[in-house]
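Working through the structure, step by step
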Amino acid sequence: MKNIAVIGAGTMGNGIAHTFAQSGFKVQLIDISEASLKRGMDTITKNLDRMVAKERISEADKQTTLDNITTYTNLSAGVKQANLVVEAATENLELKLKIFKQLDEACGEDTILASNTSSISITQIGAVTSRPDRVIGMHFMNPVPIMKLVEIIRGYTTSDEVTQTIMELSKTLGKVPTEVNDYPGFVANRILMPMINEAIETLYNGVAGVSEIDTVMKLGMAHPMGPMQLADFIGLDVCLSILNVMYDGFKNPKYAPCPLLVNMVRAGKLGVKSGEGFYDYSENRKAEKVSKQFAK
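Conventions and cut-offs
- Residues numbered from 1 in each chain as written.
- Predicted model: local features only at pLDDT ≥ 70, side-chain atom pairs only at ≥ 80, totals over all residues.
- Heavy atoms only, no water.
- Patch = residues over 30% accessible without salt bridge, like charges linked within 9 Å, V, L, I, M, F, W, Y side chains within 5 Å.
- Areas by Shrake-Rupley, 256 points an atom, 1.4 Å probe, with all protein chains shown as cover.
- Salt bridge = Lys/Arg side-chain N within 4 Å of Asp/Glu carboxyl O.
- Lys, Arg positive; Asp, Glu negative; His and termini not counted.
- Charge placed at Lys NZ, Arg CZ, Asp CG, Glu CD.
- Helix = DSSP H or I, 4+ residues; strand = E, 2+ residues; numbered from the N terminus.
- Expected span 1.5 Å × (residues − 1).
- Buried < 20%, exposed > 50% of the residue type's maximum accessible area, 1.4 Å probe, protein only.
- Arc of directions from axis to C-beta.
- Contact = heavy atoms within 4.5 Å.
- Pairing = 2+ DSSP bridges.
- Axes fitted to C-alpha atoms, helices over the stretch in contact; angles between N-to-C directions.
- Core = buried A, V, L, I, M, F, W, Y, C linked by side-chain atoms within 4.5 Å.
- Parallel < 35°, antiparallel > 145°, perpendicular 65-115°, else oblique.
- Left-handed = near helix turned anticlockwise from the far one by under 90°.
- Nonpolar A, V, L, I, M, F, W, Y, C, P; charged D, E, K, R; others polar.

A word on a negative patch on the surface. On the surface, Glu 109, Asp 110, Asp 133 and Glu 161 cluster together to form a negatively charged patch. Note on placement: Asp 110 falls in the loop between helix H5 (93-106) and strand S5 (112-115).

Compared with an ideal rise of 1.5 Å per residue, which puts 15 residues at 21 Å, helix H11 (residues 236-250) spans 21 Å between its outermost C-alpha atoms and is within 8% of the ideal. Residues Leu 236, Cys 239, Leu 240, Ile 242, Leu 243 and Met 246 constitute the buried set of H11. Projection of H11 onto a plane perpendicular to its axis shows the buried side chains occupying an angular sector of 165°, all on one side. Buried positions along H11 lie against helix H8 (188-204), helix H10 (227-234) and helix H12 (259-266). Taken from the residues just after H11, Lys 251 is the one with a positive phi, measuring 55°.

Attention now goes to the sheet that holds strand S7 (residues 149-154). With mixed pairing, the 8 strands of this open sheet are ordered in space as S3-S2-S1-S4-S5-S6-S7-S8. If you trace the sheet from one side to the other, it starts and ends with strand S3 (69-72) and strand S8 (176-181), each paired once. Mean inter-strand twist for the sheet, computed between neighbouring axes without regard to direction, equals 25°. Packing against the sheet, helix H2 (residues 34-53) makes contact with strand S2 (26-30) and S3, and its axis sits at approximately 160° to S3.

In this section: the nonpolar core. Generally speaking, nonpolar side chains in soluble globular proteins are found buried as a group. Among the nonpolar cores identified, the biggest contains 35 residues, and Phe 20, Leu 84, Val 86, Met 138, Phe 140 and Ile 166 are the most heavily contacted of them. The contacts of Met 138, once residues within four sequence positions are left out, are Phe 20, Leu 84, Val 86, Ala 114, Ser 115, Asn 116, Val 150, Glu 151, Ile 152, Ile 166 and Ser 170. The next biggest cluster of nonpolar side chains, apart from the first, holds 29 residues, and it includes Ile 196, Cys 239, Leu 260 and Val 265.

Right, let's get into the packing of H8 against H12. How two helices pack is summed up by the angle between their axes together with the distance between the axes. Running from N to C, H8 and H12 cross one another at 95°; their axes reach a closest spacing of 8 Å. One finds that H8 runs roughly perpendicular with respect to H12. Residue-level inspection shows Asn 197, Ile 200, Glu 201, Leu 203 and Tyr 204 of H8 in contact with H12, the latter providing Pro 259, Leu 260 and Leu 261.

Before going further, it helps to spend a moment on helix H1 (residues 11-22). Taking 1.5 Å of rise per residue, 12 residues should cover 16 Å, and H1 covers 17 Å from first to last C-alpha, within 8% of that figure. With 10 of 12 residues buried, H1 is to be regarded as a mostly interior element. Within the span of H1, buried status applies to Met 12, Gly 13, Asn 14, Gly 15, Ile 16, Ala 17, His 18, Thr 19, Phe 20 and Ala 21. Positive phi shows up at Gly 24, right after H1, with a value of about 95°.

Moving on, we come to the pattern of salt bridges. For the structure shown, the criterion picks out 12 salt bridges. Among the salt bridges present, the one from Arg 131 reaches Asp 104, with a minimum N-O distance of 2.8 Å. Here Arg 131, found in the loop between helix H6 (122-126) and strand S6 (135-140), pairs with Asp 104, found in helix H5; they are 27 residues apart in sequence, far enough to count as distant. Grouping residues by exposure puts Arg 131 and Asp 104 together as buried. One salt bridge connects Lys 171 with Glu 168, and the closest N-O pair in it is separated by 3.4 Å. A residue pair is termed a helical-turn pair when its members lie 3 or 4 positions apart in one helix, as Lys 171 and Glu 168 do in helix H7 (residues 160-172) at 3 residues.

Before going further, it helps to examine the packing of H1 against H2. At a minimum axis separation of 9 Å, H1 and H2 run at an interaxial angle of 55°. Relative to H2, H1 is oriented oblique. Crossing of H1 over H2 shows right-handed handedness. Residue-level inspection shows Asn 14, Ala 17, His 18 and Gln 22 of H1 in contact with H2, the latter providing Gly 40, Thr 43, Ile 44, Asn 47, Leu 48 and Met 51. Taken together, the residues of the contact of H1 with H2 break down into 4 nonpolar, 6 polar and no charged.

Okay, structure coming up:
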């Protein structure tokens, strides 16, 4: 397995492309616009520059990694030689199903199709292809070049061979693959998102403020980020989407998103990406200043 195609040059896509390229794979990074690809490559370059500055890699390593990445705006051309395709598009079911139908037609019959989805059913994605046994989930964590975990999600018909191949491949990236079965939210988000949602409920009910809630979880539970800061980092729209997938999948009210989260997404206050969420990022990207809406 030498050629890896990555669909989407956003935060997760460029991180996945960076990680494969740095591990010596040839990567075809695909997005619908040249502007998105440029932003993605700029991010990869900046992240590599940080690694050079910290003496984790050499300047030659940086250049080799960049040389391993080729960009495409045409999906069919980008996946033509791929042994593995990792889809990292927006967390939207209709979009992912459309992409996988296109991939099934454009890729060789032996190509493995993986999704970086954080909550959507791999079984449902695989069902729109002629190769559900070769469809699998590779849920990387953000930031991809740093975080060790990869959730490997088996669809209902994903083969043992494909699962083992992806488990071993993940290890060659320096990751720790963990196999899980295909249920809404998998493991990471099935546990994480209800915690974030409960933190938002705690704020909504007036029990404590944003920084107080985060302080309790950081100092009391040894979390590196508080749940409000983490929600802002992930994106409140993404949190809402994942909670809706779990609520629809389980029909259990404990997964119903807090009304405050729903209203913040409607208002466009999505966290770091929009400049404001539970914290104000207008001056810097650190969660230091509580949003005016929640300031005491």
